[in-house]
Amino acid sequence: MEQHAVEQHGKAEPAVLDVVVTTMASDSHTWNLVFLQLLLEELGHRVTNLGACVPDELLVAECRRIEPDLIVLSSVNGHGFPDGLRVIAQLRACPELAGTATVIGGKLGIAGPGDPERQRELLAAGFDGVFEEGGSVVEFRSFVDSLPAGARSLPAGSPSLPTGSRPLPAGSGLPPTGARPVSAGSGALL
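If you're wondering where the values come from, they're calculated on a predicted model, not measured in any experiment.

Novice: Can you explain the overall build of the chain? Please cite residues and give values.
Specialist: Along the chain, the regular secondary structure elements total 5 helices and 5 strands. Counting from the amino terminus, the chain carries its helices and strands in the arrangement β-α-β-α-β-α-β-α-β-α. Counting every position in the chain, which comprises 190 residues, the buried fraction comes to 46%. Sequence-distant contacts in the chain: of pairs separated by 6 or more residues, those separated by 24 or more amount to 76%.

Shown next, in the form of C-alpha cells:
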C-alpha cells in the first residue's frame, strides 16, 4: 500500500492559553483589567479576571487552583514595584507556580516609567516580563504570542541568564532573558 505525505498549508493554530489577570492588594483599579481581559480574549485566550484589591493569599490560591499558563499583574496606583516584589516572591515560593510565566505592568512607581534599575530588580525577582505604563501593546502581544500552551512549565534559568529569569521558546524574537522593558509612547497601560 502506497503512503502519501500530507502537505500542510498556512500557519498552525496559535496556542490557547489560560491566563489570570489581576491587580494586587493595594490597587483598586479595574478598567486596566477589563482592557487586558478583552485584549487577551481577542487573541483567543481564556481569561480569569480576579479583579481589584486581591489579597496575596487569594491570588496565590486562585493561581494554584486554576494552573494558568500566564499570570498578568497590573498596577495603576504607582505601587506596582513594591507590591510586585512581594507577590512574585510568594508565587515563586509555591512549587506549582514556580515556573509559571508571570509578567507585571502598568504604573509601577510614582516617579514615572522607564527606570531600568526597577525593571532589572523585577526581572531578577522572578518576573518574565516588565511592561511599564505607556509601553507598547505590540510588545506585550508579542510576548504572549511566544508562549506555548502549558507555559507554566517554563524551564528554569540557566547560568547564561540573569538570576530569576527564564528563557522563552526558541524563535520568540525576544532577548534571551525572556523579557525586556517596553519603550514608552503608545499610551497602553498594563
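There's plenty left to go through after this.
Novice: An account of helix α4 (residues 116–125) is requested, with residue identities and associated values reported.
Specialist: Every buried residue of α4 is listed here: Arg118, Gln119, Leu122 and Leu123. Take α4 and look down its axis: the buried residues cluster within an arc of 130 degrees, on one side only. Of the surrounding elements, those touching the buried residues of α4 are α3 (80–93), β4 (101–106) and β5 (129–132). Once α4 finishes, glycine 126 follows within two positions and takes phi at roughly 130 degrees, a positive value.

Novice: Requested: an account of the state of the cysteines, with residues and values cited.
Specialist: Evaluation of the coordinates by the stated rule reveals 0 disulfides. The thiol of cysteine 94 is unpaired, and the distance to the nearest cysteine sulfur, on cysteine 63, comes to 9.0 Å. With relative accessibility at 8%, the residue cysteine 94 sits in the buried group.

Novice: Please set out the packing of α3 against α4 residue by residue, giving values where relevant.
Specialist: Following both chains from N to C, one finds α3 and α4 inclined at 15 degrees, their axes separated by 9 Å at the closest point. Looking at the two axes, α3 sits roughly parallel to α4. The hand of the α3/α4 crossing is right-handed. Judged by residue contacts, Phe81, Leu85, Ile88 and Arg92 of α3 engage Arg118, Glu121, Leu122 and Ala125 from α4. Grouping the constituent residues of the contact of α3 with α4 by class yields 5 nonpolar, no polar and 3 charged.

Novice: Mind laying out the environment of glutamate 67, listing which residues take part and the relevant values?
Specialist: Assignment of secondary structure puts glutamate 67 in the loop between α2 (56–66) and β3 (70–75). As for glutamate 67 and threonine 100, which are separated by 33 residues in sequence, their C-alpha atoms are 8.4 Å apart.

Novice: Quick rundown of α3? Include the residues and the values.
Specialist: Here α3 is 14 residues long and its end C-alpha atoms lie 19 Å apart, about the 20 Å a rise of 1.5 Å per residue gives. Of all the residues in α3, the buried ones are Gly80, Phe81, Asp83, Gly84, Val87, Ile88, Leu91 and Arg92. All buried residues of α3 project into a common sector of 150 degrees when viewed along the axis, lining one side.

Novice: Break down the pattern of salt bridges for me, with residues and values.
Specialist: Following the criterion strictly, the structure yields 8 salt bridges and no others. Measuring nitrogen to oxygen at the nearest pair gives 2.8 Å for the salt bridge that ties arginine 64 to glutamate 96. Here arginine 64 is found in helix α2, whereas its partner glutamate 96 is found in the loop between α3 and β4, with 32 residues between them in sequence. A salt bridge links arginine 118 to glutamate 132, with the shortest nitrogen-to-oxygen separation between them at 3.0 Å. Here the residue arginine 118 occupies a position in helix α4, and glutamate 132 occupies one in strand β5, the gap between them amounting to 14 residues. By the burial criterion, arginine 118 is buried, and glutamate 132 matches it. Salt bridges here are not isolated pairs; linked through shared partners, they connect Asp56, Asp83 and Arg86.

Conventions we followed
Residues numbered from 1 in each chain as written. Predicted model: local features only at pLDDT ≥ 70, side-chain atom pairs only at ≥ 80, totals over all residues. Heavy atoms only, no water. Helix = DSSP H or I, 4+ residues; strand = E, 2+ residues; numbered from the N terminus. Buried < 20%, exposed > 50% of the residue type's maximum accessible area, 1.4 Å probe, protein only. Contact = heavy atoms within 4.5 Å. Arc of directions from axis to C-beta. Disulfide = S-S within 2.5 Å. Axes fitted to C-alpha atoms, helices over the stretch in contact; angles between N-to-C directions. Parallel < 35°, antiparallel > 145°, perpendicular 65-115°, else oblique. Left-handed = near helix turned anticlockwise from the far one by under 90°. Nonpolar A, V, L, I, M, F, W, Y, C, P; charged D, E, K, R; others polar. Expected span 1.5 Å × (residues − 1). Salt bridge = Lys/Arg side-chain N within 4 Å of Asp/Glu carboxyl O.

Distances and angles like these do not, on their own, reveal function.
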